[in-house]
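# Geometric and topological summary
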Amino acid sequence: MNRLKKYLALTRAGIIECINYRMSLAVMVFGNLLYLTLIYFVWKAIFASSGSDVVNGMTFETTMIYLVLATALFNFMEMYIVWEMGRDIQSGKIALNLIRPMEYRNYLFWSVSGSFVVNFVFTFIPTFIIVLLVTKGTIALGINLLYFIPAVILAVIINYEIDFIVGTICLYTESIWGINIMKQAVVTLLSGATIPLAFFPDKLRTVIDYLPFRAIYDTPLTLLLSDGTDKNMVMTKLAISFLWAVLMSVISRLFWKVSIKQVTVNGG
Amino acid sequence: MEKMIELKNITKEFKVLNRREGLKGSFQDLFSRDYKIIRAVDDISLSVGQGEIVGFLGPNGAGKSTTIKMMTGVLEPTSGELMVNGRIPYKNRTANSQEIGVVFGQRSQLWWALPLVESFKLLKDIYQIPQKDYDDMMELYGGLVNFDEILHKPVRQMSLGQRTLSDILAAFLHNPKVVFLDEPTIGLDVAMKSRIRELILELNRQKNTTVILTTHDMGDVDALCERIVIIDKGKMLYDNDIQHLRRFFGSYRTLKIRPGEDMKEVEEHLEKELAGMDVRISHDDEWISILINEEQIKVLNVLEMVQEKHEIKDMQLEEISTEDVIKKIYREGV
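Rules of the game
Residues numbered from 1 in each chain as written. Chains lettered and ligands numbered in written order. Predicted model: local features only at pLDDT ≥ 70, side-chain atom pairs only at ≥ 80, totals over all residues. Helix = DSSP H or I, 4+ residues; strand = E, 2+ residues; numbered from the N terminus. Buried ≥ 20, exposed ≤ 12 C-beta atoms within 10 Å, placed from the backbone. Contact = placed C-beta atoms within 7 Å. Nonpolar A, V, L, I, M, F, W, Y, C, P; charged D, E, K, R; others polar. Axes fitted to C-alpha atoms, helices over the stretch in contact; angles between N-to-C directions. Parallel < 35°, antiparallel > 145°, perpendicular 65-115°, else oblique. Left-handed = near helix turned anticlockwise from the far one by under 90°. Domains from an automatic or database assignment. Pairing = 2+ DSSP bridges. pLDDT = per-residue confidence, 0-100. Core = buried A, V, L, I, M, F, W, Y, C linked by C-beta atoms within 7 Å. Right-handed = clockwise from strand over helix to strand, strands pointing away.

## Describing the overall build of chain B
If you tally the helices and strands in chain B, you get 12 helices and 13 strands. Viewed in the frame of its principal axes, chain B has a C-alpha envelope of about 70 × 55 × 45 Å. For chain B, the residues scored as buried account for 37% of the 334 residues in total. Of the contacts formed within chain B by residues at least 6 apart in sequence, a portion of 73% connects residues at least 24 apart.

Here it is in structure tokens:
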């Protein structure tokens, strides 16, 4: 209990900090609207040129619902951990964070957890409600909401571990920009954050099935948008996400341990 | 006295890539395996008891910060034995950090956007400080500093002095056994420096906390430390009390004069008058600096000497600098 308390204290501070920067919240909402307008017209054009109402098993409406929710999810999932770590490493502030009475990976995670909460409440939930009202009944309101919660939690963990692994690479490269851009491109594309995975060619989809990325956006959204009757599908997806979360944690933990040793031995 | 810190033949080496010049050189560096080894800390042995305040003195790049980083557990020594509070600091960083406090120069460990009191509450939870200890500490702090002006101010709106003050308070908050202060007074004005020094001294007295601080300000040393360790180029030059060190700087002052006429003339005149005495004269573009041993001749006499014949536009009196002390130690031995 006490252990959890020290982590939750970080969450609490993160929430206060986040709300302090309320202007940035407003700017983020505005930026989203711009982005959503853009993809609205892009996809409208795609469906118009295809000449049929259903492309790859998705209608224009389901595609838009998926993409709007993916954007909302992206806003609270993307915590710029790689930037954070890179800045810590470049400025040498990492020395201070290494001597906090908790492990760096935990410290970092719980430090950003406050903005998870804020962004979930202030961007994801309102977006979801708006989509719900606008599309009137396309999204089922039932057991699927319940499945969505563990899926999102696992997605947050997997996303964090991937970021942490990429951030650890900064210990070697001492630069952040290129690595971060590459990571972002790979993750957003292969996870289905920018284009629904249904639109991918079959071969690529087979590859993606064996990668952890789809557990971040595709799995939670698929579960949310399903009616929740196919218990088998739900359980398989959750089990796969869970396995990825465990595996990625182990990898990132080991990688960090080896790497930080490098720094403390050879100097940074 | 209980031993708090124990260093035995500590050495720390860094591997650094030999960088080449220019664009072509940068490209070659991409594939270079040409490393050189830099010895930042060279065979330092030291033992510090509980409640001591030890000042690490030395010019920039002398190895002070590296030594501190090893004692806090951030860096691992290349060779030698190191114990802090009965623990090897880099082996168990998390447990070790419960019992140390750190202020690293101008980097703040506080939460930028939060009012100071929120940072304190957060530290209370992170370090799991019992409510009663926390309240006692806050009461103690309230008596030592003017809390009203900083407690509800977000850290990013603080002046550098207030931030340093807050950082020091934060470092002592969980009542650690050892506090490391890396250049705590850097960049502060004289009044703030003295407030910070008083605060450190008072906390050390009340809590019997061991304090290790690095500085290149002789004033810090004068006000705080019973014991001085001088480090230069990674080697320990001096480890003794301050009284001994006074031999090297106590009776020395630097008089700086900006003459209204030709500098050369003034300098030559002084050199002639002061020949045979323990005085060193040098100059830069504007100032003539005269390092004077006051046991032999008083600063005022020198000033008079100049004023008789020359016009003085401006003058300054400076305490001897760390660099001068180190130069003297090199020249004369301990």
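Having seen it, we continue.
## A look at the interface of chain B and chain A
If you look at the interface, chain B gives 26 residues, while chain A gives 23 residues. The set of elements that each furnish at least two residues to the side of chain B that touches chain A consists of β1 (3-17), α2 (64-72), α3 (93-97), β5 (100-104) and α4 (116-126) of chain B. In terms of residue count, the dominant contributor to the side of chain B that touches chain A is α4 of chain B (four residues). Classifying every residue of the side of chain B that touches chain A by side-chain character gives 12 nonpolar, seven polar and seven charged.

## Points about the packing of helix α2 (residues 22-50) of chain A against helix α3 (residues 60-77) of chain A
All names here are of chain A. The interhelical angle for the contact between α2 and α3, taken along N-to-C directions, is 155 degrees, at an axis separation of 10 Å. Viewed along their axes, α2 and α3 adopt a mutual orientation that is roughly antiparallel. Viewed along their axes, α2 and α3 form a crossing whose handedness is right-handed. When α2 is examined against α3, the residues M28, N32, Y35, L36, I39, Y40, W43 and F47 are found in contact with a partner set consisting of F60, T63, M64, L67, V68, T71 and N75. Split by residue class, the contact of α2 with α3 holds 11 nonpolar, four polar and no charged.

## Observations regarding the domain arrangement of chain B
In many reports, interface size means the accessible area that the parts give up when they come together. Residues and elements named next belong to chain B. Here chain B is partitioned into domain 1 (3-247) and domain 2 (251-332). Using C-alpha coordinates to define each centre, domain 1 is positioned 35 Å away from domain 2. Taken residue by residue, the interface counts nine residues in domain 1 and seven residues in domain 2. Every element with two or more residues in the side of domain 1 that touches domain 2 is listed here: β8 (227-232) and β9 (235-241).

## Topic: the sheet that holds strand β7 (residues 210-215) of chain B
All names here are of chain B. Ordered by their spatial adjacency, six strands build an open sheet running β5-β6-β7-β3-β8-β9, and the pairing between neighbours is mixed. Bordering the open sheet on either side are β5 and β9, each of which pairs with just one other strand. Going from strand to strand, the sheet's axes swing by 15 degrees on average, the running direction of each strand aside. Both β8 and β9 contribute to a ladder of six bridges, which runs antiparallel. Bridge assignment links I228 to a residue of β9, and that residue is N240.

## Focus: the confidence of the model for chain B
Residues and elements named next belong to chain B. Considering every residue of chain B, the mean pLDDT works out to 85; 96% of them sit at 70 or more. At the level of individual helices and strands, chain B shows its lowest average pLDDT in helix α9 (residues 242-249), which scores 70, and its highest in strand β6 (residues 178-182), which scores 93. Scoring the predicted complex yields pTM 0.81 and, for the interface, ipTM 0.81.

## Considering the packing of helix α6 (residues 160-172) of chain B against helix α7 (residues 190-207) of chain B
All names here are of chain B. One way to put it is that α6 packs onto α7 with a least axis distance of 10 Å and a crossing angle of 10 degrees. Here α6 lies roughly parallel to α7, going by the angle between them. Residue-level inspection shows G161, T164, L165, I168 and F172 of α6 in contact with α7, the latter providing M192, I196, L199, I200 and L203. Considering only residue class, the contact of α6 with α7 consists of eight nonpolar, two polar and no charged.

## Quick look at the nonpolar core
One finds L69, A70, L73, A155 and I158 of chain A together with F180 and I212 of chain B to be the most contacted residues of the largest nonpolar core, which totals 123 residues. Per-element accounting of this core gives the leading share, 15 residues, to helix α7 (residues 143-173) of chain A. Setting aside anything within four residues of it in sequence, one finds I158 of chain A in contact with P212, A215, I216, W244, A245 and M248 of chain A. Membership of the second largest hydrophobic core comes to 10 residues, among which are Y252, I257, V266 and I290 of chain B.

## Observations regarding the sheet that holds strand β10 (residues 252-259) of chain B
Residues and elements named next belong to chain B. A sheet is described by the order of its strands in space; here four strands give the open sequence β11-β12-β10-β13, paired in antiparallel fashion. Looking at strand neighbours, the two that pair on one side only are β11 (279-283) and β13 (312-319), the edges of this open sheet. Pairwise comparison of adjacent strand axes, ignoring direction, gives a mean angle of 20 degrees for this sheet. As defined by bridge partners, β11 adjoins strand β12 (residues 288-293) across five bridges and the pair is classed as antiparallel.

## Digging into unusual backbone geometry
You will see that N56 of chain A, though not glycine, has its phi angle at about 50 degrees, which is positive. Tracing the sequence through the fold places N56 of chain A in the loop between β1 (54-55) and β2 (58-59).

## Topic: the environment of D88 of chain A
Mapped onto the elements, D88 of chain A comes out in helix α4 (residues 81-91). Apart from residues no more than four positions distant in its own chain, D88 of chain A is found in contact with K93, I94 and N97 of chain A.

## Focus: the pairing of β7 of chain B
A regular strand places its side chains so that they alternate between the two faces of the sheet. All names here are of chain B. Most of β7 sits out of view: six of its six residues are buried. Side chains of β7 alternate between two faces, with T210, I212 and T214 and V211, L213 and T215 buried alike. For strand β3 (residues 53-57) and β7, the ladder comprises five bridges, and the chain directions are parallel. From the neighbouring strand, L57 faces β7, where its bridge partner is T215. For β6 and β7, the ladder comprises five bridges, and the chain directions are parallel. By the bridge assignment, V178 is partnered in β7 with T210. This β-α-β element, β6 to α7 to β7, shows right-handed connectivity.

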